[in-house]
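For reference, the chains in residue letters:
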Amino acid sequence: MLLPIKWLSKYVDIDVTSKELADGLTYSGSHVESINRLDKGIEKVVVGRIDKLEKHPHADKLLVCEVNVGKELLTIVTGATNLKEGDYVPVALIGAKLPIGLDIGETNFRGVDSQGMLCSLRELGYGDNVIPKEVRDGIFVFDKEYPLGEDASYFLDLDEDVIEFEITPNRPDCLSIFGMARETAATFKKTLKHPEIKVKNEVDDIFEYTNGIQVETPNCYRYYSRVIKDVKIAPSPMWLQTTLMNAGVRPINNVVDVTNYVMLEFGEPLHAFDLDMLNGRKIIVRQAYDNEKLTTLDGIERILSTDDIIIADDQMPIGIAGIMGGLHSEITPETKTVLLEGANFSSKHVRLTSKKFALRTEASTRFEKGIDPYLCNVAVERVCQLIEEIGAGTVVKGIIDVNQITGEDKIISLRPERSKKLLGVDISIDEMIQSLSNLGFQSKFENDVILSKVPSFRADVEVEADLIEEVGRLYGFHNIKSMPLVGGLTRGERPYNKQVELKVKNILQGLGYNEVMTYSFISPKAYDKLNLKEDAVERKYIRLINPLGEDYSTMRTTLMSNMLELLSRNEKKGVEEVLAYEIGYTFMPKSLPVTELPDEKQVLSVGFYGNKDFYFMKESLEVVLARLGIKNIEYIREENNPSFHPGRTAILMVDGIRIGVFGEVHPDVCENYNIKGKIYLAHMDFDNIVKLTNIEVKYKPLPKYPAITRDIALVVDENVMVGELEKIIKDNGNGLVERIILFDIYRGNQVEENKKSVAFSIVYRSYEGTLTDDVVNNIQNAIIKEMESQFMAKLRS
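Calculation criteria
Residues numbered from 1 in each chain as written. Predicted model: local features only at pLDDT ≥ 70, side-chain atom pairs only at ≥ 80, totals over all residues. Heavy atoms only, no water. Pairing = 2+ DSSP bridges. Helix = DSSP H or I, 4+ residues; strand = E, 2+ residues; numbered from the N terminus. Axes fitted to C-alpha atoms, helices over the stretch in contact; angles between N-to-C directions. Contact = heavy atoms within 4.5 Å. Salt bridge = Lys/Arg side-chain N within 4 Å of Asp/Glu carboxyl O. Buried < 20%, exposed > 50% of the residue type's maximum accessible area, 1.4 Å probe, protein only. 1 Å grid on protein atoms, 1.4 Å probe; cavity = no way out; pocket = protein on both sides within 12 Å on 5 of 7 lines; lining within 4 Å. Points joined across faces, edges and corners; volume = space filled by probe spheres on them. Domains from an automatic or database assignment.

Caption draft 1: Broad picture of the sheet that holds strand S27 (residues 449-453). Spatial ordering of the open sheet is given by S25-S27-S26, a layout of 3 strands whose pairing is antiparallel. Pairing within the sheet leaves two strands with one partner each, and these edge strands are strand S25 (411-414) and strand S26 (442-446). Ignoring which end each strand starts from, the neighbouring axes of this sheet average 25° apart. When S25 meets S27, the two strands line up antiparallel, connected through 4 bridges. By the bridge assignment for S27, Leu 414 is matched with Ile 450. In this fold helix H12 (residues 464-475) packs onto S25 and S27, with an angle of close to 70° to the strand it touches most, S25.

Next comes the structure, spelled out in structure tokens:
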């Protein structure tokens, strides 16, 4: 939001500097982004008149101008083609500086000395986004005579500051010059000057020109319209063009510029239709039909749907409500009769349509935040007044106002003692009433409370605390002294088990797993599909009295079924790889039939399929447990679990406590779930994991002494587990084994049948001194000897 200070001063007296103004508005709650001086970098640019214009004697594309700058005549060479004798133009004298970084000196062009430069708006610092298209590539020509030799910046309104604000979404009333004037007046305790809006001359009757307005959607709350006849489309007066450009809007023509001017002035988006282009000479506001088409002003054809509000005539759409008009009814040089629209639409519908079409405009920016429905008539009447003043047309007598606004006045009570408690400062009742009144809240003190009527432009104020905030920001939060906190403070944090749970989730997500959540109710058939024995403890489940259906009729005693159902569903849909985990609860009855609440045990379920195997599951669990500070992990072969593949399943133990089971799912179970590939699952007792967790991190110094690495490859029986071999390495390592890395398991022609080759890389390190080869060799030999003794292992050569 750009706020030109000259424009602001029309509504409130400004007797402070721009810096002081910006600081004051910042203290009262407005966020200032920057203060920009428009004539910064411009020196020695004056008004000049072209007295003589002739072709360059030695260059076909250049012209030689004789320019009168008041005290002297200058010869200036230019390549512009939009000039004629008698034009008043901005002239950069010798020694002038321009904001584009150009210093002007005397230059010779093909034998003719040029004593300065004629300036375009771009060279005076204006951006292409605000320069009128017709003068974008030429020299700027003033609209009338101005004093020769005087500072051109003054007549271009460049001699002012523009403050840029970031307006929060809850304050659409501040997306206007008048809205910011209200804030300024309240902040600096000044009188807000309302513009006097009055149309002096009205002729004919509006219904002689239009057949009326029909509003067929509840999403248009108000539609206010007037007609202008005898329209003369032309460039706007200089003051209007420069005002718009300084506010960041490009001038187009007098009628469109007036609607944009009033939109910036009051924050009410307006639109002007060429009435002669409307079929049936009427306006219909309705929801669009599916696949209805409209070409908007930007030349793009839009495919509409029933969610979009449109403005239409008898036959077709002519605009997207609150966003952009249609190309068919735009204002052109041939326009003679104009229908003005001042409306209020559903902010939700405007926002969704704007997002759908990726079409953000000045109008949609305002409508999607919600604007005052009582601005429609004010803005349209203001447009009529300005069109009359600049001679752009004649106002037709009569209005059409379709008003669907509902709701009562909002009255909020403010308790002075509550204000004192929240703000921490005692502000007098009179001062509070005055502050609220300055902001547009009609307020009075009655029955020990301040009763404030919320103005229609402040939809963000809903409760007492909002009023207190308004009082506080005008008082100045920076003026409120810091006070010690009063009251009891408590320190809140997650319970220990939740901290562990969060840590486990972060670890698994880092390993590539995705968290899933499944229902706590499952089908009794799930226990059969898992191949559980008839006397299995999991079959002692609780049946619901009033289930949603058979598939959700029991409280689960295992999470395995949920995970297998999920993996099966993803495999059927062609997902090549899924890694998932869930931390959920199982419900184990203390007795059947149920007489008391069941035991709720927390379980970690991990499952995957794809390009991963048993060892990836083992590594995943080891990483989780290691980062939880759980050591002394032991693996025991499990061959009697009917849900898992015998020989490819292990029970995980820690210090004699069973943590859970993991491995490859039994092929019969996979078939029961219609799974074609291999599935790996882990079902872990999370309560036991929490008990064994030690999340206190202890740091130790970096090792001073080097490590020694030894590789060892052993041939052992197929049924010997890797964990058993690792345990021997640790037990015989004399405390010097820092790390054991399994890097190869080989089965093939070079080893006997029912045998496998297991290769480890063992890292030795002492924190007391440098290890020698003799010490490491002795340990290595002891490890090999123990493996030969326990498992008849043989070194593989």
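Here the narrative resumes.
Caption draft 2: The arrangement of the pattern of salt bridges in detail. Applying the stated criterion to the full structure yields 50 salt bridges. The closest approach of N and O atoms between Arg 382 and Glu 265, which form a salt bridge, is 2.9 Å. Highlighted residues: Arg 382 in helix H9 (residues 375-390) and Glu 265 in helix H6 (residues 254-266), separated in sequence by 117 residues. Relative accessible area serves as the criterion here: at 10%, Arg 382 is assigned to the buried category. Note that Glu 515 and Lys 505 form a salt bridge whose closest N and O atoms lie 3.1 Å from each other. Of the two residues, Glu 515 sits in strand S28 (residues 514-515) while Lys 505 sits in helix H13 (residues 496-510), which places them 10 residues apart along the sequence. What makes Lys 505 buried here is its relative accessible area of 18%.

Caption draft 3: Seen up close, the layout of surface pockets. Roughly 1600 Å³ of volume is contained in the largest pocket. As for the largest pocket, its lining consists of 36 residues, of which Glu 622, Ala 626, Ile 630, Ile 633 and Lys 730 are closest to the centre. Breaking the lining of the largest pocket down by element, the ones donating at least two residues are helix H16 (614-627), strand S34 (633-637), helix H19 (722-731) and strand S39 (737-746). Here the lining of the largest pocket spans two domains, and each of domain 5 (496-692) and domain 6 (708-795) adds at least three residues to it.

Caption draft 4: Expanded view of the sheet that holds strand S2 (residues 31-37). The sheet built from 3 strands is open, its strands ordered S1-S11-S2 with antiparallel pairing. Each edge of the open sheet carries a strand with a single partner, namely strand S1 (2-4) and S2. Neighbour-to-neighbour, the strand axes of the sheet open up by a mean angle of 25°, direction not taken into account. Relative to strand S11 (residues 161-166), S2 runs antiparallel, the two sharing 6 bridges. Along S11, the bridge assignment pairs Ser 34 with Glu 164.

Nothing here speaks to function; it is geometry throughout.
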